[in-house]
Amino acid sequence: MNLRKTLFALALFLSPAVAFAHAGHDHAGILAGLAHPLFGLDHLLAMLAVGLWAAQQSGAARWALPLTFVASMLVGGLLGFNGVQIPLMETGIAASVLAFGLLVAVAMRLPLLIALGMTALFALTHGVAHGLELPALASPWGYAAGFVVATAALHASGYALVRLLPQAAAPVVRVLGAASAVTGAWLLLG
């Protein structure tokens, strides 16, 4: 068997793990919480996009958008820990990837209250999903700490990317937003 066939076989073997959007739940507590946003494509893209979008804003929106997302996601996580389910949760998560991607792609500046309300609503869906997917035998508080830290790190990464790139690279950020939006549309259709 040549190298090309070996690599192709390996890729096929590993593809089911890549397709599973919410990997990492085989750990306990904080590790599972850290893994959920990092290894779920939908969560990863939405949370990075919030950081990208916040960095495109001015004034209070720069810190208020990520803070609102984290706080609302934590509230949603607490609801999910208690078994509360919301209708169309997975649709809301996919829609957040699309919406935040579009907002980054066009560098949209919405009125602060509208931006915060939309961010809070989408974050709530992510939080409920995190809470409902609490692994058996995991500490809810460790798990919550993990997903809050991972989420804040993803927001900070997106923010830093925009703020540290030269202004001439702004189109790259918009392309990243467009790619996220396309992925969100694909998730909604799937």
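Higher on the page you've got the structure.
All of these numbers come straight from a predicted model, not from anything done at the bench.

About the thresholds
- Residues numbered from 1 in each chain as written.
- Predicted model: local features only at pLDDT ≥ 70, side-chain atom pairs only at ≥ 80, totals over all residues.
- Heavy atoms only, no water.
- Helix = DSSP H or I, 4+ residues; strand = E, 2+ residues; numbered from the N terminus.
- Buried < 20%, exposed > 50% of the residue type's maximum accessible area, 1.4 Å probe, protein only.
- Contact = heavy atoms within 4.5 Å.
- Areas by Shrake-Rupley, 256 points an atom, 1.4 Å probe, with all protein chains shown as cover.
- Core = buried A, V, L, I, M, F, W, Y, C linked by side-chain atoms within 4.5 Å.
- Phe/Tyr/Trp six-rings, centres within 6.5 Å; stacked < 30°, edge-to-face > 60°.
- Expected span 1.5 Å × (residues − 1).

J.: Which parts of the structure should I look at to understand the overall build of the protein?
T.: Helix and strand content of the protein: eight helices and zero strands. Order of helices (α) and strands (β) in the protein, N terminus to C terminus: α-α-α-α-α-α-α-α. Looking at the protein as a whole, 41% of its 190 residues are labelled buried. When contacts within the protein are restricted to residue pairs at least 6 apart in sequence, those whose partners lie at least 24 apart make up 82%. As displayed, the protein has an accessible area near 9,800 Å², and 76% of this comes from carbon and sulfur atoms.

J.: Help me understand the nonpolar core in this model?
T.: Nonpolar side chains in soluble globular proteins tend to be buried together. Ranked by internal contacts, the top residues of the largest apolar core, which has 30 residues, are Trp53, Leu65, Phe69, Met73, Phe100 and Val104. Those elements that provide at least two residues to this core are α3 (41-55), α4 (61-81), α5 (89-105), α6 (112-132) and α7 (140-164). Looking at this core element by element, the count peaks at nine residues for α3. Sequence-distant contacts of Met73, defined by excluding residues within four places in its chain, comprise Met47, Ala123, His126, Gly127, His130, Phe147, Val148 and Thr151.

J.: It is not clear to me how the packing of aromatic side chains should be interpreted in this structure. Could you clarify?
T.: The description of two aromatic rings rests on the distance between their centres and on the angle between their planes. Counted according to the given criterion, the structure contains six aromatic pairs. Between Trp53 and Phe100, the ring centres sit 6.0 Å apart and the planes meet at 45 degrees, which makes this aromatic pair tilted. In this pair, Trp53 is assigned in helix α3 and Phe100 in helix α5, connecting sequence segments 47 residues apart. Using a relative accessible area of 0% as the deciding quantity, one classes Trp53 as buried. Judged by its relative accessible area of 0%, Phe100 is buried. Plain terms: the ring middles of Tyr143 and Phe147 are 5.6 Å apart, the flat faces sit at 80 degrees to each other, and that makes the pair edge-to-face. One end of the pair, Tyr143, and the other, Phe147, are both in helix α7, four residues apart, so they sit about a helical turn from each other. When its relative accessible area of 0% is taken as the criterion, Phe147 is described as buried. One aromatic cluster is present, built from ring pairs that chain together Trp53, Phe69, Phe100 and Phe122.

J.: Even after reading the chapter, I still don't get the environment of Ser58, so can you show me in this structure?
T.: As for its placement among the helices and strands, Ser58 is situated in the loop between α3 and α4. On the accessibility criterion, Ser58 (42% relative accessible area) is partly exposed. For the pair Ser58 and Arg109, spaced 51 residues apart in the sequence, the C-alpha separation amounts to 8.5 Å.

J.: So what exactly am I meant to see when it comes to unusual backbone geometry here?
T.: With the exception of glycine, most residues fall at negative phi, and the peptide bonds are largely trans. Phi at Leu88 is positive, roughly 60 degrees, even though this residue is not glycine. Structurally, Leu88 is set in the loop between α4 and α5.

J.: Sorry, what's going on with α7 here?
T.: For an α-helix, 3.6 residues make a turn, and residues three or four places apart therefore share a direction. An ideal rise of 1.5 Å per residue puts 36 Å on 25 residues; α7 measures up with 35 Å between its terminal C-alpha atoms. Turning to α7, its buried residues number three or more, namely Gly142, Tyr143, Ala144, Gly146, Phe147, Ala150, Thr151, Leu154, His155, Gly158 and Val162. Looking at the buried side of α7, the elements it contacts are α2 (30-39), α3, α4, α6 and α8 (170-189).

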